[in-house]
Amino acid sequence: MNEQEYAGFWIRLGATLIDTLIMMIVLMVPLTFIYGEQYWFGDEFINGFWDLILGYVVPVIATIWFWLRFLGTPGKMALKLKIVDAKTGNKLSLGQAIGRYFAYIVSMLPFFLGFIWIGIDPKKQGWHDKLAGTVVIRSHDSVPVRFEAQD
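Residues numbered from 1 in each chain as written. Predicted model: local features only at pLDDT ≥ 70, side-chain atom pairs only at ≥ 80, totals over all residues. Heavy atoms only, no water.

A. Just helix α3 (residues 49-70), in detail. Look at α3: 29 Å from first C-alpha to last across 22 residues, which is about the 32 Å you get at 1.5 Å a residue. Most pronounced at Val 58, the bend in α3 amounts to some 40°, and the proline Pro 59 follows within four residues. Elements that come into contact with the buried residues of α3 comprise α1 (9-35), α2 (38-41), β2 (81-85) and α5 (94-116). (Helix = DSSP H or I, 4+ residues; strand = E, 2+ residues; numbered from the N terminus. Expected span 1.5 Å × (residues − 1). Bend = angle between axes of the 7 residues up to and from the residue. Contact = heavy atoms within 4.5 Å.)

Put into structure tokens, the structure is as follows:
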């Protein structure tokens, strides 16, 4: 039995924390080796080529790729969440994925209200979801429990 519901604020926040931890390990550790402590304490906005690539370009491409390929980032997959088209329930289009990513900026602007909106909205959509025409759903895949017969 496969039941689905709209994914709420707290579980989506959990997925974001998982993704942030993964990104910190995969991207920030190499940047620290490349640039040293100057990377964390320097005044530069962009420290060089590798900072631009690993700190800005790779996260955008990786996030959009995960959304299109797996319907969610590793954090969302771990928590059985999927990002789908709000009208059809199908995969996102490339345009929706790109729009959703950059619509995060709108959701962050006045005091992260666009993300807080997830807890208020009946379909649990943040502003970035509304702008991109997406919803995040949570699957409850029921697997029956079977015990081996004991003699």
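Next comes the rest of the account.
B. Representation of unusual backbone geometry within the structure. Phi at Lys 80 takes a positive value of approximately 60°, unusual for a residue other than glycine. Following the sequence through the fold, Lys 80 ends up in the loop between α4 (74-78) and β2. Residue Lys 80 is classed as partly exposed on the basis of its relative accessible area of 45%. Despite not being glycine, Lys 124 shows a phi value in the positive range, around 60°. Judged by its relative accessible area of 25%, Lys 124 falls in the partly exposed class. (Buried < 20%, exposed > 50% of the residue type's maximum accessible area, 1.4 Å probe, protein only.)

C. Region of the structure containing the pattern of salt bridges. Counted by the stated rule, this structure contains 4 salt bridges. Two residues, Asp 129 and Arg 100, come together in a salt bridge whose shortest N-O distance is 2.9 Å. With Asp 129 in helix α6 (residues 127-132) and Arg 100 in helix α5, the pair connects residues that are 29 residues apart, well separated along the chain. There is no split in this pair, since Asp 129 and Arg 100 are both buried. Here the salt bridges share partners, and the residues they tie into one network are Arg 12, Arg 100 and Asp 129. (Salt bridge = Lys/Arg side-chain N within 4 Å of Asp/Glu carboxyl O.)

D. Examining the nonpolar core more closely. Counting 13 residues, the largest nonpolar core has Trp 67 and Leu 81 as the members making the most contacts within it. Every element with two or more residues in this core is listed here: α1, α3, β2 and α5. In this structure, Trp 67 is in contact with Gly 72, Thr 73, Ile 83, Ala 97, Arg 100, Tyr 101 and Tyr 104, ignoring residues within four places of it in sequence. Judged by nonpolar contacts, the second largest core, of 5 residues, contains Leu 27, Met 28, Tyr 39 and Leu 54. (Core = buried A, V, L, I, M, F, W, Y, C linked by side-chain atoms within 4.5 Å.)

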